[in-house]
Amino acid sequence: MSTEYKLKDIPSLADIPNYGKVESEVEGVENGKVLVVRVNDDVHALSPRCTHYGAPMKLGVVSPDGRITCPWHGACFSVSTGDVEDAPAVTALKKFEVYEKDGAVYIRGDQAAIQAGQRDPNIQCAVAAPEKVVVIGGGSGALGAVQTLRELNFKGTITVITSEPNLPLDRPKISKALITDPKKLEIRPAEWYQAASIDIVHDEATAVDFGQKTVSTKSGKSYPYTKLILATGGIPRQLPLEGFKELGNIFPLRFVTDAQALVAALGEGRKKIVIIGSSFIGMEVGNALAKNHDVAIVGQEAAPLERVLGVEVGKVCQRNLEKAGATFYLSAVVEKATPSAADPSKVGAVHLKNGIVLPADVVVLGVGVRPATDFLRDNPAVTLEKDGSLRTDESFAVAGLGGDVFAVGDIATYPYHGPGAEPGQGTLVRIEHWNVAQNAGRSVARTIVHSLSSSQPLKPKPFIPVFWSALGTQLRYCGSTAGGWDAVVVKGEPENAKFAAYYCKGETVVAVATMQTDPVMVKSAELMRRGKMPSKKEIEEGVDVLAVTS
C-alpha cells in the first residue's frame, strides 16, 4: 500500500540545483533511502543505489536528456522512469512520487519497495505470436537481447541455445574474483526465464541454414527462426608452442568451468603460478592470486596493457600488482613449457627465449580470444572477416541476410560513431567488452520489436563503450582508441594510482581511463555520447570535466 513518508535531509526541493541530486533518509522506514534528482526543473525520487553492484547514485552523473549514470561501471537509468538505459544493470531503479508541502518534502510509496531499492522488469509472458527469435550464445549479449524483447512486450517464442552448462553468468567476476559456483554468478535464476517463457537449451549450434531459417545442433535437433541473434562470444586462444598442448595444469580462463579447474589445481598451500599475457585477463587473475601465491606475469609489451593504455598508465597498473606480490617479466617471448619432475604429465616450468626459466605449478593463459564462429566458417551465405568476426551495420544486422540475422558481442565488427570515428560511415571496431555486448543485444531487441509494427528503420541509440578492471585499484575506461590515438594527457597523481588519463587523436579525446576518480569516467562517457567532450587543449588547460553541463 502506498504511504506518505517525510524525507529527513531535504527541507525544500528548491535547495536542489538543476542536474543536482541529494540522497535522503526516509522517516519511518528502516534502512530506507531515496535519491532526489532535478533535471530541467522537474524533480524525481529514485532508489539511491545502482542495481548492478550497489554503487551510490549520489556520486553518479546526471545528463540534460534525463539520464543518470552509475559512477562505477556505466550502468545508466532514466531519471523520469527508473528504467535501464545502458548496461550492465538489468534491473530498474524504483521511482517514487515526490512533492513538497507544509515546509517539508515527502515521497509516496510502499515501504517494501523503498527498502528493496529496485524494480524488476515486467517480463512475464504467455507466447501468443508466430515470431520465433533464436539466440545462439548464453552470455551478456544474449541476456541483453532476451530481457529487452520481453520488456518491450514481444509475444513470440524465444530460444537461447548455449553450449555452456549454466545459465547466463556475470562473467567478469570469473577472472576478477575466481568465483567457481555458477549459482553465485547467475544474473537471473531459472525461474525468471520460465516466467518469461524463454527456453534455455544447453546444446551446441553446429550449422545455420540461412535460406530455410533453421539452426542445427550437435544433438541433432533443428530450431526454426524468424529472427536470429548470433552471440557466441569468444574462444580463448592457445599457444602453439612446445608443451602447452600436451601438459596438464595449463588453463585458459573464460568460462566458469575454467575457473573450477584452475582452483582445483591450486589446491592447498602456496603455489608457483605463471601467467602468460599482461592484458586484462592476465592482470586480473594475477591480482586475484598474488596475495596467496607466487605469481609471475609474462608480457610481450614494455608495460602491461601498453597497447590499450600506454606505458605511463600501464606502469601504474604494474606497480599496483607488484605491491600485491606479483613479479613481471616484460618485453619477453615464451619459448616452451616443460614437464614437472614430480609428475611428467603436468607443467613444471615455462621457458622464455631470453633464457629465463620460471618454475610453475600452474600456468594461466591470458593471450586473448578469437570469435567463436567456427560453425559458420564454411557457410556460403556469410563471409567472415580475417579475424573470424561478422561484419554488421550500425543496427548489428549481418550484411546480405535480409535484416533477419544479427551479431553482437565478441563476434561482431560494427561501425562505431563515437569521438575520433570516421565521419559518416564510422570506424569499424570489434570490442570485447561485457557492456558492449549487452548494449548491442538490447539494441537488437529494440530493432526486432520495432520491425513488427513499422516498415521504417529504427535508428539505434548511441552508446559509448565502457569497461572496468580489478588491477589492485579499480580501473574505469570509456570510449575507443580503435581509430588510433597520438597523445595521452594524464591528470592527477598517477604515482598514487589516482588519476584521469585522456587519450587523444589530435584535439579529440577518444577515450578516458581513471583510477580513484570514478565520476570523471562516466561523465566523460556521457559527454562523448552527446558530442560535448572537451578538447585536448581544454583538458591540458585544466577544464573540470565534472563541471561541464552543456
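Chemist: What is the right way to look at the pairing of strand E3 (residues 33-39) in this model?
Modeler: Note on strand geometry: in a regular strand, side chains alternate between the two faces of the sheet. The element E3 is largely enclosed, with a buried count of six among its seven residues. Pairing between strand E2 (residues 21-25) and E3: five bridges, direction antiparallel. Each residue of the ladder has a partner; that of Glu25, found in E3, is Lys33. Note that E3 and strand E4 (residues 42-46) share five bridges and pair antiparallel.

Chemist: Any chance you could explain the sheet that holds strand E28 (residues 390-391) here in plain terms?
Modeler: Backbone-to-backbone hydrogen bonds join strands into a sheet, with any given pair of strands oriented parallel or antiparallel. Overall, mixed pairing links the three strands, which are arranged E28-E30-E31 in an open sheet. Single-partner strands in this sheet number two, and they are E28 and strand E31 (427-429). Across two bridges, the pairing between E28 and strand E30 (residues 412-416) is parallel. Looking at E30, one finds that Arg391 is bridged to Thr413.

Chemist: Got a minute to help me understand the side chain of Ser175 in this structure?
Modeler: Along the polypeptide, Ser175 turns up in helix H3 (residues 172-177). Its relative accessible area of 6% is what places Ser175 among the buried residues. Engagement of the side chain of Ser175 in a polar contact is seen with the side chain of Glu284, the distance being 2.6 Å. Discounting chain neighbours no more than four positions away, the residues touching Ser175 are Leu253, Ile281, Glu284, Val285 and Ala288.

Chemist: Can you help me understand helix H10 (residues 518-529) in this one?
Modeler: Each full turn of the α-helix corresponds to 3.6 residues, which orients residues three or four apart in the same direction. Over its 12 residues, H10 extends 17 Å from the first C-alpha to the last, a length consistent with the 16 Å expected when each residue adds 1.5 Å. Extensive coverage of H10 is indicated by the burial of 11 of its 12 residues. Where H10 is concerned, the buried positions are Asp518, Val520, Met521, Val522, Lys523, Ser524, Ala525, Glu526, Leu527, Met528 and Arg529. Against strand E5 (61-62), strand E6 (67-69), strand E32 (466-471), strand E33 (473-479), strand E35 (498-505) and strand E36 (508-515) lie the buried residues of H10. Just beyond H10, the residue with positive phi is Gly531, at close to 70 degrees.

Chemist: I keep staring at the environment of Lys498 and nothing clicks. Help me out?
Modeler: Topologically, Lys498 is positioned in strand E35. A residue is classified by how much of its surface remains accessible, and Lys498, at 39% relative accessible area, is partly exposed. Separated by 182 residues in the primary sequence, Lys498 and Val316 have C-alpha atoms spaced 9.4 Å apart. Not counting chain neighbours up to four residues away, the residues in contact with Lys498 comprise Lys491, Gly492, Glu493, Met515, Gln516 and Thr517.

Chemist: When you look at empty space enclosed by the protein in this model, what are you seeing that I'm missing?
Modeler: Rolling a probe over the atoms, with the probe sized like a water molecule, indicates the empty space that remains. One pass over the structure, following the stated rule, counts four cavities of 30 Å³ or more. Quantified by volume, the largest cavity comes out at close to 120 Å³. The wall of the largest cavity is formed by 14 residues, among which Arg67, Gly74, Asp86, Ile464 and Val466 lie closest to the centre. Of all elements in the fold, only E6, helix H9 (434-451) and H10 reach the threshold of two or more residues within the lining of the largest cavity. Of the residues forming the lining of the largest cavity, the biggest block, three residues, is contributed by H10. Residue composition of the lining of the largest cavity, by class: six nonpolar, four polar and four charged.

Chemist: So what exactly am I meant to see when it comes to the sheet that holds strand E23 (residues 334-339) here?
Modeler: Overall, antiparallel pairing links the three strands, which are arranged E23-E24-E25 in an open sheet. On the outer flanks of this sheet lie E23 and strand E25 (357-359), each paired with one strand and no other. Pairwise comparison of adjacent strand axes, ignoring direction, gives a mean angle of 25 degrees for this sheet. Two elements, strand E24 (residues 347-352) and E25, share three bridges in a ladder whose sense is antiparallel. What sits directly across from His351, in E25, is Val357.

Chemist: Help me out: how do you make sense of a negative patch on the surface in this one?
Modeler: Taken together, the side chains of Glu507, Glu538, Glu540 and Glu541 define an acidic patch exposed on the protein surface. Glu541 gets classed as exposed once you look at its relative accessible area, which sits at 59%.

Chemist: Even after reading the chapter, I still don't get H9, so can you show me in this structure?
Modeler: Along its 18 residues, H9 runs 26 Å from first to last C-alpha, staying within 8% of the 26 Å computed at 1.5 Å per residue. Burial runs high along H9: 16 of the 18 residues are buried.

Chemist: Can you help me understand the packing of aromatic side chains in this one?
Modeler: Each pair of aromatic rings is reported with the distance of its centres and the angle of its planes. On inspection of all chains with the given rule, the structure shows seven aromatic pairs. Seen from their ring centres, Tyr477 and Tyr503 are 6.3 Å apart, and the 45 degrees between their planes marks the pair as tilted. Of this pair, Tyr477 sits in strand E33 while Tyr503 sits in strand E35, and the two are 26 residues apart along the sequence. By relative accessible area, Tyr503 is classed as buried at 0%. Judged by centre distance (5.0 Å) and plane angle (85 degrees), the rings of Trp485 and Tyr503 are edge-to-face.

Reading the values: rules and limits
- Residues numbered from 1 in each chain as written.
- Predicted model: local features only at pLDDT ≥ 70, side-chain atom pairs only at ≥ 80, totals over all residues.
- Heavy atoms only, no water.
- Buried < 20%, exposed > 50% of the residue type's maximum accessible area, 1.4 Å probe, protein only.
- Helix = DSSP H or I, 4+ residues; strand = E, 2+ residues; numbered from the N terminus.
- Pairing = 2+ DSSP bridges.
- Polar contact = N/O pair within 3.5 Å; in protein donor to acceptor, adjacent residues only side chain to side chain.
- Contact = heavy atoms within 4.5 Å.
- Expected span 1.5 Å × (residues − 1).
- 1 Å grid on protein atoms, 1.4 Å probe; cavity = no way out; pocket = protein on both sides within 12 Å on 5 of 7 lines; lining within 4 Å.
- Points joined across faces, edges and corners; volume = space filled by probe spheres on them.
- Nonpolar A, V, L, I, M, F, W, Y, C, P; charged D, E, K, R; others polar.
- Axes fitted to C-alpha atoms, helices over the stretch in contact; angles between N-to-C directions.
- Patch = residues over 30% accessible without salt bridge, like charges linked within 9 Å, V, L, I, M, F, W, Y side chains within 5 Å.
- Areas by Shrake-Rupley, 256 points an atom, 1.4 Å probe, with all protein chains shown as cover.
- Salt bridge = Lys/Arg side-chain N within 4 Å of Asp/Glu carboxyl O.
- Lys, Arg positive; Asp, Glu negative; His and termini not counted.
- Charge placed at Lys NZ, Arg CZ, Asp CG, Glu CD.
- Phe/Tyr/Trp six-rings, centres within 6.5 Å; stacked < 30°, edge-to-face > 60°.

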